[in-house]
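# Chains, contacts and geometry: an overview
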Amino acid sequence: MKLKKINEGLKESLIANGLTEANAMQQETFSTLKSGADCLILAPAGSGKTTTIVINVIQQLVKEGEQSPRALIIVEDKAKVLAMEALFEKYGKHTDISVYGVHDKGDMEYDKNYISGGVDVLIGTPNKLSEMFTTAGFNVNRLKMFILDDADPILKLRHETKIMRISNSIIKTQRIIFTEQMTDRIESLADKMLVEPFEFDFEDFEEENEEVEDFEEQEGDEENGNN
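Quick summary incoming for the structure in this document. (Residues numbered from 1 in each chain as written. Predicted model: local features only at pLDDT ≥ 70, side-chain atom pairs only at ≥ 80, totals over all residues. Heavy atoms only, no water.)

### Thoughts on the packing of aromatic side chains
Using the criterion set out here, one finds three aromatic pairs in the structure. Seen from their ring centres, Tyr100 and Tyr114 are 4.2 Å apart, and the 15° between their planes marks the pair as stacked. Of the two residues, Tyr100 sits in strand 4 (residues 99-102) while Tyr114 sits in helix 5 (residues 108-116), which places them 14 residues apart along the sequence. Residue classification places Tyr100 among the buried residues on the basis of a relative accessible area of 10%. Tyr114 gets classed as partly exposed once you look at its relative accessible area, which sits at 39%. Ring plane angle 35° and centroid distance 6.3 Å describe the contact between Tyr110 and Tyr114, whose orientation is recorded as tilted. Within this pair, Tyr110 and its partner Tyr114 are both found in helix 5, separated by four residues, close to a single helical turn. On the basis of relative accessibility, which here comes to 51%, the residue Tyr110 falls in the exposed class. Three or more aromatic residues joined by ring pairs make a cluster, and in this case those are Tyr100, Tyr110 and Tyr114. (Phe/Tyr/Trp six-rings, centres within 6.5 Å; stacked < 30°, edge-to-face > 60°. Helix = DSSP H or I, 4+ residues; strand = E, 2+ residues; numbered from the N terminus. Buried < 20%, exposed > 50% of the residue type's maximum accessible area, 1.4 Å probe, protein only.)

Here it is as structure tokens:
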């Protein structure tokens, strides 16, 4: 599956950082994620789930800036917040995407004031995002993407209620769950949160990872009319 019409600024940043090839996950999920459909994506550690999230969020949100966040990404802890912020900085360098991360040890008033100035992507831990949501810390009415990264460890900490409270407050958005393994908790959350989701299973990712395609070749095929 080709990465159709990838944003030029995004492609420039990917190539500048040595990411010239799309792996199996990026190839197979790109068009579906770009369509706005709900998705459940199962893949092992080290398969590039976080990079896949960052690429697709930048692709969908570029050139549509608004005051309120348009992508909300829930991650496990502060370390994951900082790691994802760093990836957005790398791959969003040639775009106008603004990204901000919040975590349990951050200052609530500072976070609220910063977000009120306008951000495109808000990354945060379940506790912090839930607290901000209940105190009117951010507006979810403009959200285009609601993403749960590495859902299994998050749900082991019993954050389902917080996640569903935020999800249920959003009238319409694309909801995406990434997880390393399917568990009863993941299945239950997906049943409650996702609407007719597409499911992708990359359990054999290491074997499939050999099947890669160059970003520029994919773009060239698209321009030549090959689908």
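Having seen the structure, we can now continue with the description.
### Comments concerning the environment of Ile147
Along the chain, Ile147 falls in strand 6 (residues 145-148). On the accessibility criterion, Ile147 (1% relative accessible area) is buried. With 109 residues separating them in the primary sequence, Ile147 and Asp38 have C-alpha atoms 9.7 Å apart. Those residues in contact with Ile147 that lie beyond four places of it in its chain are Ile53, Val57, Leu72, Ile73, Ile74, Ile176 and Phe178. (Contact = heavy atoms within 4.5 Å.)

### Here's the deal with unusual backbone geometry
Look at Asp150: it is not a glycine, yet its phi comes out positive at around 50°. Relative to the helices and strands, Asp150 is located in the loop between strand 6 and helix 7 (151-156). With phi around 60°, Arg158 is a residue other than glycine that occupies positive phi space. Along the chain, Arg158 falls in the loop between helix 7 and helix 8 (160-169).

### Looking at the packing of helix 3 (residues 49-61) against helix 4 (residues 78-91)
Packing of helix 3 against helix 4 brings their axes to within 10 Å, and their N-to-C directions diverge by 50°. It follows that helix 3 is oblique to helix 4 by the angle criterion. For the element pair helix 3 and helix 4, the recorded crossing hand is right-handed. Residues Thr50, Thr51, Ile53, Val54, Val57 and Ile58 of helix 3 form the contact with helix 4, whose own contacting residues are Met84, Leu87, Phe88 and Tyr91. Considered class by class, the residues forming the contact of helix 3 with helix 4 number eight nonpolar, two polar and no charged. (Axes fitted to C-alpha atoms, helices over the stretch in contact; angles between N-to-C directions. Parallel < 35°, antiparallel > 145°, perpendicular 65-115°, else oblique. Left-handed = near helix turned anticlockwise from the far one by under 90°. Nonpolar A, V, L, I, M, F, W, Y, C, P; charged D, E, K, R; others polar.)

### Here's the deal with the pairing of strand 2 (residues 39-42)
In strand 2, alternate side chains face the same way, and those of Cys39 and Ile41 on one face and Leu40 and Leu42 on the other are all buried. With four bridges connecting them, strand 2 and strand 7 (residues 174-179) associate as parallel partners. Its bridge partner lying in strand 7, Cys39 is registered against Ile176. Direction of pairing for strand 2 relative to strand 8 (residues 198-201): parallel, over a ladder of four bridges. Residue pairing in the sheet places Leu40 in a bridge with Glu199 of strand 8. (Pairing = 2+ DSSP bridges.)

### Looking at the pattern of salt bridges
Enumeration over the complete set of coordinates arrives at eight salt bridges. In this structure, the salt-bridge partner of Lys11 is Glu8, at a minimum N-O distance of 3.6 Å. Placement of both Lys11 and Glu8 in helix 1 (residues 8-16) is noted, with a separation of three residues, approximately one turn of the helix. By relative accessible area, Lys11 is classed as buried at 10%. (Salt bridge = Lys/Arg side-chain N within 4 Å of Asp/Glu carboxyl O.)

### Considering a negative patch on the surface
Negative charge collects at one region of the surface, where Asp184, Glu187, Asp191, Glu199, Asp201, Glu203 and Asp204 lie side by side. Elements supplying a minimum of two residues to the negative patch: helix 9 (184-193) and strand 8. Residue contributions to the negative patch peak at three residues, all from helix 9. Position of Asp204 among the secondary structure elements: in the loop between strand 8 and helix 10 (205-208). (Patch = residues over 30% accessible without salt bridge, like charges linked within 9 Å, V, L, I, M, F, W, Y side chains within 5 Å. Areas by Shrake-Rupley, 256 points an atom, 1.4 Å probe, with all protein chains shown as cover. Lys, Arg positive; Asp, Glu negative; His and termini not counted. Charge placed at Lys NZ, Arg CZ, Asp CG, Glu CD.)

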